Amino acid sequence: METHPYVKLAIQAVRHFLAEGKPLACPSPIPDGMDRQSGAFVSIKKKKNLELRGCIGTVTPNQDNLANEIIHNAVSAATRDPRFKAITSNELKSLQFSVDVLTPLEPIDSADQLNPQRYGLSVKYKGMQGILLPDLEGIDTVQRQIDLCLKKGNIPKNAPYEMHRFEVERYH
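1. Some thoughts on the overall build of the chain
At step 1: Within the chain, the secondary structure is distributed over 3 helices and 8 strands.
At step 2: Starting at the N terminus, the α and β elements of the chain follow one another as α-β-β-α-β-β-β-β-α-β-β.
At step 3: Its C-alpha atoms give the chain a radius of gyration of 16 Å, within 12% of the compact-globule value 16 Å for 172 residues.
At step 4: Expressed as lengths along the three principal axes of its C-alpha atoms, the size of the chain is roughly 45 × 35 × 30 Å.
At step 5: Taken over 172 residues, the chain has a buried fraction of 42%.

2. Brief notes about the side chain of D100
At step 1: Within the element layout of this structure, D100 appears in strand 3 (residues 95-102).
At step 2: Assessed through its relative accessible area of 1%, D100 is described here as buried.
At step 3: Sequence-distant contacts of D100, defined by excluding residues within four places in its chain, comprise G39, A40, F41, L133, V168, E169 and R170.

3. Focus: the sheet that holds strand 2 (residues 52-58)
At step 1: The sheet built from 4 strands is open, its strands ordered 2-1-3-8 with antiparallel pairing. Both outer strands of the open sheet, strand 2 and strand 8 (168-171), are each paired with one neighbouring strand and no more. Put simply, the sheet's adjacent strands are angled 15 degrees from each other on average, direction ignored.
At step 2: The pairing of strand 1 (residues 40-46) with strand 3 spans 7 bridges and is classified as antiparallel. Bridged to K46 within strand 3 is L95.
At step 3: Strands strand 1, strand 3 and strand 8 of the sheet are contacted by helix 1 (residues 5-20), whose axis makes an angle of about 120 degrees with strand 3.

4. Structural notes on the pattern of salt bridges
At step 1: Overall, the coordinates contain 8 salt bridges when judged by the stated rule.
At step 2: The closest approach of N and O atoms between E2 and K8, which form a salt bridge, is 2.9 Å.
At step 3: Judged by its relative accessible area of 63%, E2 falls in the exposed class.
At step 4: Classification of K8 by relative accessible area gives partly exposed; the value is 41%.
At step 5: A salt bridge links E91 to R53, with the nearest nitrogen and oxygen atoms 2.9 Å apart. Of this pair, E91 sits in the loop between helix 2 (66-79) and strand 3 while R53 sits in strand 2, and the two are 38 residues apart along the sequence.
At step 6: Take E91: its relative accessible area is 19%, and that puts it in the buried class.

About the criteria used
Starting afresh in each chain, residues are numbered from 1 along the sequence in its written order. Confidence filtering applies because this is a predicted model: local features only for residues at pLDDT of at least 70, side-chain atom pairs given and counted only at 80 or more, and all residues used for totals across whole chains, interfaces and linings. Side-chain metrics rest on all non-hydrogen atoms present in the structure, leaving aside hydrogens and water. A run of DSSP states H or I qualifies as a helix once it reaches four residues; a run of E qualifies as a strand once it reaches two. Both are numbered from the N-terminal end. Both definitions apply: the radius of gyration is a C-alpha atom measure, and the globule rule equals 2.2 Å times residues to the power 0.38. Think of it in three bands: with a 1.4 Å probe and only protein chains considered, a residue is buried below 20% of the maximum accessible area for its type, exposed above 50%, and partly exposed in between. Any pair of residues with heavy atoms lying within 4.5 Å of one another is described as a contacting pair. Note on pairing: DSSP must find at least two bridges between two strands before they are called paired. A fitted line through C-alpha atoms serves as each axis, taken over the contacting stretch for helices, and the angle formed by two N-to-C directions is quoted from 0 to 180°. For this document, the term salt bridge refers to a Lys or Arg side-chain nitrogen within 4 Å of an Asp or Glu carboxyl oxygen.

In structure tokens:
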């Protein structure tokens, strides 16, 4: 299966950062489809058992284009995910990358508007936020999705939190 250009860019960004200690420059010209702004997540897993090795992203764009969003988030997923030690150059061959490009956040007022296979979830309360991508293994009910988002954001279950859903295009 051919690796998608978004994923190739994520891998190239991590490889460059680990070798040079500085971010990869944005490709010029910007490749097709990467000139728009969008939130994006980069997930890194071990090929052997698909165990998560790093995942960081943005639900709303922080960069001037998707290429820079992918570059920034790929390096962060590889080196700044607080749950894991930074990835080393020696590990790269044993890892697989995916890139999720997000649709804009859509406010919702009811759990009835969620489907954990289709929609990701962002829960916000007083500056705290929990985010969960859609279609994740082990998250098969809306209640489990909400509970995990609240836990990730350290938000009390009875707080008057806001919910937003989003969809993703996942690239491997």
